[in-house]
Amino acid sequence: MKKFCFILPGLDTGGMEKYLLQFLEFLPDKNFHFVLVRGKNVNNKGSLFEQYKKTSVNIYFQRIGYLNVINWLKLYRFYNKNQFFTVCDFNGNFAGITLLIANMAGIKNRIAFYRRSSNAFNPVWYKNIYNTILNRLVYKYATKILSNSYHALDFFFPYRKQHDERFSVIPNGVFYEKFDVKASKEEARIFLKLPLNKFIIGHVGRYDPSKNHETIFKVAKELQEKKKNVFFLFAGKNTDSSEFLRRIKEYEIENICCSLGLQSNMGILYRAMDLFYFPSLTEGQPNALIEAMLSGLPVVVSNIPSIKEIIPVSHHYFLLNPRDILSAAKTISQLIDDQDLLSKMIFKEEARLMFDPYKNFNLFLRELLNE
């Protein structure tokens, strides 16, 4: 049996954490493999810890740090002790250190899996220098460099050679059965205590600048007077926080909004919606959008490259500048009034083909096995 080590920044709800969790549910003999959590606060196990624990995978908390030689030595000993066949780090450029140490420990199969399409920090000069060094370490010591979008590879490795076979794109895998719920829309709304007679526009995503909630608030403000039956539903980490609720109140849209925070029953959540609005500024390959598509929801989305990769080319003319409030309000108004046009923004079958979990997870497994 070939032993794998997966490296994550934490076990809170996020795209890479959900992706690996679903892959582990697919993977046989999970109790043979390790998930190494390298986050700053290793005492905070994260909201997904119990779900990871149920897979029977071994979970190991180890600080890595930015320039901590003692922690790097501990990681080297951890590698040596377990004799992994493959180390796969989901931390983008920050995989540079872990893969360098894996190379020193004699691990032959070293994978960096990029799940974002931009850097996750403010571009301060010293951070840029450190980030560049890490990027070059990944390029030198990774035996495979994977991503879930072509845009991410273009962003992080614009200098790569086109014939470099180490680079591959593997789309997300999502078990679409989870979103074929039996409940009716009315039953879902009753369960979530939502209005029954409103046109519900939903968004799922953590409260973070990249998710562009401010534009959603402004669009809601724009639609509030024009469409009396409109209602906005938010879910995701910290969407029930005091800061999030304060922003809604400042826009004076609290009467047409509901914020639920993190939710576990996503199938019911999507069933309660009429439209999914996703104006992100940057994404890798957004699970929430994929889930909404698999749920059969019409979608209104931003025209950023990573989203354009998953929307049929025939509908790219309908994609929006993520900060264009008036265009978004006008588009949503048109969709509310025109059911035929609304139905054309449903991409359920396309999503099932593109994000087939059995096909895409097997592609990832082959990379882990170096086949």
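For the structure, see preceding data.
Residues numbered from 1 in each chain as written. Predicted model: local features only at pLDDT ≥ 70, side-chain atom pairs only at ≥ 80, totals over all residues. Heavy atoms only, no water.

(A) Structural context of the environment of Leu11. Secondary-structure assignment places Leu11 in the loop between β1 (4–8) and α1 (15–26). Look at Leu11 and you get buried, because its relative accessible area is 2%. Along the backbone, Leu11 and Leu21 are ten residues apart, and their C-alpha atoms lie at a distance of 9.6 Å. In contact with Leu11, not counting residues within four places along its chain, are Glu17, Val35, Val37, Lys45, Gly46, Ser47, Leu48, Phe49, Tyr52, Ile59 and Phe61. (Helix = DSSP H or I, 4+ residues; strand = E, 2+ residues; numbered from the N terminus. Buried < 20%, exposed > 50% of the residue type's maximum accessible area, 1.4 Å probe, protein only. Contact = heavy atoms within 4.5 Å.)

(B) Local environment of a nonpolar patch on the surface. A cluster of nonpolar side chains, Trp125, Tyr126, Ile129 and Ile133, forms an exposed patch at the surface whose accessible area comes to about 490 Å². When you line up the elements, Ile129 lands in helix α5 (residues 125–141). Judged by its relative accessible area of 47%, Ile129 is partly exposed. (Patch = residues over 30% accessible without salt bridge, like charges linked within 9 Å, V, L, I, M, F, W, Y side chains within 5 Å. Areas by Shrake-Rupley, 256 points an atom, 1.4 Å probe, with all protein chains shown as cover. Salt bridge = Lys/Arg side-chain N within 4 Å of Asp/Glu carboxyl O.)

(C) How the structure looks around the sheet that holds strand β4 (residues 86–89). Pairing is parallel in the open sheet, where seven strands are placed in the order β3-β2-β1-β4-β5-β6-β7. For this open sheet the edge positions go to β3 (58–61) and β7 (167–169), each flanked by a neighbour on one side alone. Averaged over all neighbouring strand pairs, the angle between strand axes comes to 20°, with direction disregarded. Bridging between β1 and strand β2 (residues 34–37) involves four bridges; their strand directions are parallel. Across the sheet, residue Phe6 finds its bridge partner in β2, namely Val35. On the sheet, helix α4 (residues 95–104) packs against β1, β4 and β5 (109–114) and is oriented at approximately 170° with respect to β5. (Pairing = 2+ DSSP bridges. Axes fitted to C-alpha atoms, helices over the stretch in contact; angles between N-to-C directions.)

(D) Quick look at the sheet that holds strand β12 (residues 299–301). Read from one edge to the other, the open sheet built from five strands follows the order β10-β9-β8-β11-β12, with strand pairing classed as parallel. Each of the sheet's edge strands pairs with one partner strand only, and the pair in question is β10 (257–259) and β12. Sheet twist, expressed as the mean angle between neighbouring strand axes with direction ignored, is 20°. As defined by bridge partners, strand β8 (residues 199–204) adjoins strand β9 (residues 230–235) across six bridges and the pair is classed as parallel. Bridging from a neighbouring strand, Ile201 pairs with Phe232 of β9. Taken strand by strand, helix α9 (residues 242–250) contacts β9 and β10, and its axis lies near 175° from that of β10. Against the sheet, helix α11 (residues 287–294) contacts β8, β11 (275–278) and β12, and its axis sits at roughly 160° relative to β11.

(E) Just the packing of helix α8 (residues 213–226) against α9, in detail. One way to put it is that α8 packs onto α9 with a least axis distance of 10 Å and a crossing angle of 30°. Judged by the twist between their axes, the crossing of α8 over α9 is right-handed. Within the contact between the two elements, α8 uses His213, Glu214 and Phe217 and α9 uses Phe244, Arg247 and Ile248. Classifying every residue of the contact of α8 with α9 gives three nonpolar, one polar and two charged. (Left-handed = near helix turned anticlockwise from the far one by under 90°. Nonpolar A, V, L, I, M, F, W, Y, C, P; charged D, E, K, R; others polar.)

(F) Quick look at the pattern of salt bridges. Counted under the stated rule, the structure contains 20 salt bridges. Among the salt bridges present, the one from Arg38 reaches Asp89, with a minimum N-O distance of 3.8 Å. Here Arg38, found in the loop between β2 and α2 (49–54), pairs with Asp89, found in strand β4; they are 51 residues apart in sequence, far enough to count as distant. Judged by relative accessible area, which is 12%, Arg38 ranks as buried.

(G) Molecular detail of the side chain of His315. Tracing the chain through its elements places His315 in the loop between α12 (305–308) and α13 (325–337). Given the relative accessible area of 17%, His315 is considered buried.

(H) The nonpolar core, seen in detail. Counting 67 residues, the largest nonpolar core has Phe232, Tyr270 and Phe276 as its most contacted members. With residues near it in sequence (within four places) discarded, Phe232 still touches Ile201, Ile216, Val219, Ala220, Leu223, Ile256, Cys257 and Cys258. (Core = buried A, V, L, I, M, F, W, Y, C linked by side-chain atoms within 4.5 Å.)

(I) Examining the packing of α8 against α13 more closely. Look at α8 against α13: their axes get within 9 Å of each other, and the N-to-C directions meet at 55°. Looking at the two axes, α8 sits oblique to α13. Where α8 crosses over α13, the handedness of that crossing is right-handed. Contacts from Thr215, Lys218, Val219, Glu222 and Leu223 of α8 reach α13 at Ile325, Leu326, Ala328, Ala329, Ile332 and Ser333. Of the residues in the contact of α8 with α13, the class split is seven nonpolar, two polar and two charged. (Parallel < 35°, antiparallel > 145°, perpendicular 65-115°, else oblique.)

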